[in-house]
Amino acid sequence: SAASDVYKRQHIGMLIEDKDRNDNEVVRKLIAEAEKYSLAEHGNERLECYLLLSNMTSLWLLQTTGIPDDLYQKVDVLATTQEDFMAKSIFVKLPHIKSPYPALDRKPIDVNSETTVHLVIFGKNDLVEALGINAALVAHYPNYCRDHRLRTRISIVADDIYEWKDQFVQRYQHLFNNSYYRIINLEEENPHCLCHQPMYGKTREDFVDVEWEFVNGNLRNDALRTKLSEWGKSENQQLTVAICTDDQQRNFMEAFTLPEVLYKNQIPVLCYTEESDMMNLIKNDDRYQTVLPFGSYICQKGILESLKQLAKRVNYVYNYCFSLPHNVSISSPSVIDESKLDCLWAQVGSLPKQYSNIFNAMTIGSKMHSLGHGQEDWQRYYALSKQEIEMMTEVEHNRWNMEELILGYRPVTDDEQKMIEKDISLKKKFREKKIHYDIRAFHDLRPDATGKQVYVYDLALTQGIPLIVKSCFR
């Protein structure tokens, strides 16, 4: 029986890609496989497909708009790109999978911490976008709840960055409309910052815990090297550097010619190269132990499979909470019935909502780390204290705000807010238009149509984190 289950899983699970990097061909293959696949012959279990797309535009479209319902009913799709896959392989910490790459928060950031995460990325391509977006999905910490100035910062540095920056900001317009970001041109004789404030910054409490910086320049600039040295020495920053230009020889050279203080203080330096043997040879020099090569070779299908298994359990907890009667207090389930996971996963309803669960699962590792638990503790961890649950519930809402903005939702305008306040039933109608009433600061959340505060669902999910993690070790 066990052997037949393994065979069945291998038979219906598949990776679809095109060696010539053509997304139209990938889609044709997906549709062709779906057309010849029979749900009846496989016990109504959907065909499991991992799509390896060629560019971030295709991935962004799938994540924000989804796929036709008739296709979704037959195929369980998890789409990625080589670049997105690499970013997840670096930043997401998962059960059973050891990673050579340190977390962005190498030292746990709790509510009383004064430190923040700072990721500096060099380049302007799909890999840079993937690293930035995945870091923004993962890097959420409790100290922002206490002090909104303590945001994660993502700095992107490149020559002639403006056109790429404009396209990036346009693609994720709702994220950047509601975020702090600044632009600096180091080519000017007297560089100065152009600062953008959130569109509701003067009238609403801050609710986006990641800020951005776009720098026109390169590592030959003395001012930038001075800044890197300062950041590398700072006790209030946990710095990570990623060198990701299209020129791999340049990446190789720049990874080993950063300011000396970065090597001395063991700042992680991620270097994109598809030829890692030479770099591994040079790492015999003790100074460069934290220069970490990465490329497509770090992408293992098991990472996506493990992430999906966590996401299915996140969905199970959400489904349990929403199925409780209105007069019953929201709480996490005491057990996860694994026989129901696939059925409930198929009922999620759309690809964007499926990604919502995946993005949630991506942060379980960082949440556990903020509570002082490394991956070696996950299997032994049984429960969160009331205080931990309350704090991480607010972190979860901040994470959710980021996720929704990346998925193309936006907060309500002042006029839309007044309309919903007069008639709460309009909330669902606006949400169907990707306008979400709950994208706001945690302390500004309002009751839903049942009269319950919406954060109770985040609270129950947070309470269920140990259960979700432990169920993956069975």
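The structure displayed is predicted, hence computed values, not measured ones.

### Side note on helix α16 (residues 351–362)
An ideal rise of 1.5 Å per residue puts 16 Å on 12 residues; α16 measures up with 16 Å between its terminal C-alpha atoms. Within α16, 11 of the 12 residues are buried, leaving the element largely enclosed by the surrounding structure. Listed as buried for α16 are L351, P352, Q354, Y355, S356, N357, I358, F359, N360, A361 and M362. If you check the start of α16, you find a side-chain oxygen 3.3 Å away from the backbone N of K353, and it comes from S350.

### A look at the side chain of R151
Here R151 is to be found in the loop between α7 (143–146) and β5 (152–158). Within the structure, the side chain of R151 is placed 3.2 Å from the side chain of D206, a separation counted as a polar contact. Among the polar contacts listed, one links the side chain of R151 to the side chain of E211, at a separation of 3.0 Å. When near neighbours in sequence (up to four residues on either side) are disregarded, R151 contacts T116, V117, Y144, Y180, D206, V208, D209, V210 and E211.

### Focus on the side chain of N134
Inspection of the secondary structure puts N134 in helix α6 (residues 126–138). A polar side-chain atom of N134 sits 2.9 Å from a polar atom in the side chain of D84.

### Some remarks on the packing of aromatic side chains
By the definition in use, this model includes 17 aromatic pairs. Summarising the aromatic geometry, the rings of F168 and F176 are spaced 5.4 Å apart at their centres and angled 65 degrees between planes, so their arrangement reads as edge-to-face. Across the pair, F176 and F168 agree in class, each one buried. Judged by centre distance (4.9 Å) and plane angle (85 degrees), the rings of F256 and Y288 are edge-to-face. Here F256 is found in the loop between α11 (248–255) and α12 (260–264), whereas its partner Y288 is found in the loop between α13 (277–282) and β11 (291–294), with 32 residues between them in sequence. Among the residues examined, F256 registers a relative accessible area of 13% and is labelled buried. Every member of this aromatic cluster is reached through a ring pair, and the members are W164, F168, Y172, F176, Y181, W212 and F214.

### Quick word on the pattern of salt bridges
Where charged atoms from two side chains of opposite charge come close, those side chains can pair. By the definition in use, this model includes 30 salt bridges. One salt bridge in this structure joins D76 and R46, with 3.7 Å as the shortest N-O distance. Of this pair, D76 sits in strand β3 (residues 75–81) while R46 is found in the loop between α2 (23–36) and β2 (47–53), placing the two residues 30 residues apart along the sequence. What you see here is one network of salt bridges that share partners, running through R46, E48, D76 and K308.

### Description of the sheet that holds strand β7 (residues 193–196)
One open sheet accounts for eight strands, arranged β7-β6-β8-β5-β4-β9-β10-β11; its pairing is mixed. Looking at which strands have only one partner, the edges of the open sheet turn out to be β7 and β11. Pairs of neighbouring strands in the sheet enclose a mean axial angle of 15 degrees, with direction left out of account. As paired strands, strand β10 (residues 269–272) and β11 are joined by four bridges and run parallel to one another. Residue pairing across strands places V269 opposite V291, the latter belonging to β11.

### Some remarks on the nonpolar core
Counting 112 residues, the largest nonpolar core has L131, W212, F214 and F294 as its most contacted members. If you tally residues by element for this core, the top one is helix α14 (residues 301–323), at 10 residues. In this structure L131 touches A87, I90, F91, L119, I121, A242, C244 and F294, once residues within four positions along its chain are discounted. Formed by 26 residues, the second largest nonpolar core is a distinct cluster that contains L224, I243, F252 and Y288.

Quick notes on the rules
Residues numbered from 1 in each chain as written. Predicted model: local features only at pLDDT ≥ 70, side-chain atom pairs only at ≥ 80, totals over all residues. Heavy atoms only, no water. Helix = DSSP H or I, 4+ residues; strand = E, 2+ residues; numbered from the N terminus. Expected span 1.5 Å × (residues − 1). Buried < 20%, exposed > 50% of the residue type's maximum accessible area, 1.4 Å probe, protein only. Polar contact = N/O pair within 3.5 Å; in protein donor to acceptor, adjacent residues only side chain to side chain. Contact = heavy atoms within 4.5 Å. Phe/Tyr/Trp six-rings, centres within 6.5 Å; stacked < 30°, edge-to-face > 60°. Salt bridge = Lys/Arg side-chain N within 4 Å of Asp/Glu carboxyl O. Pairing = 2+ DSSP bridges. Axes fitted to C-alpha atoms, helices over the stretch in contact; angles between N-to-C directions. Core = buried A, V, L, I, M, F, W, Y, C linked by side-chain atoms within 4.5 Å.

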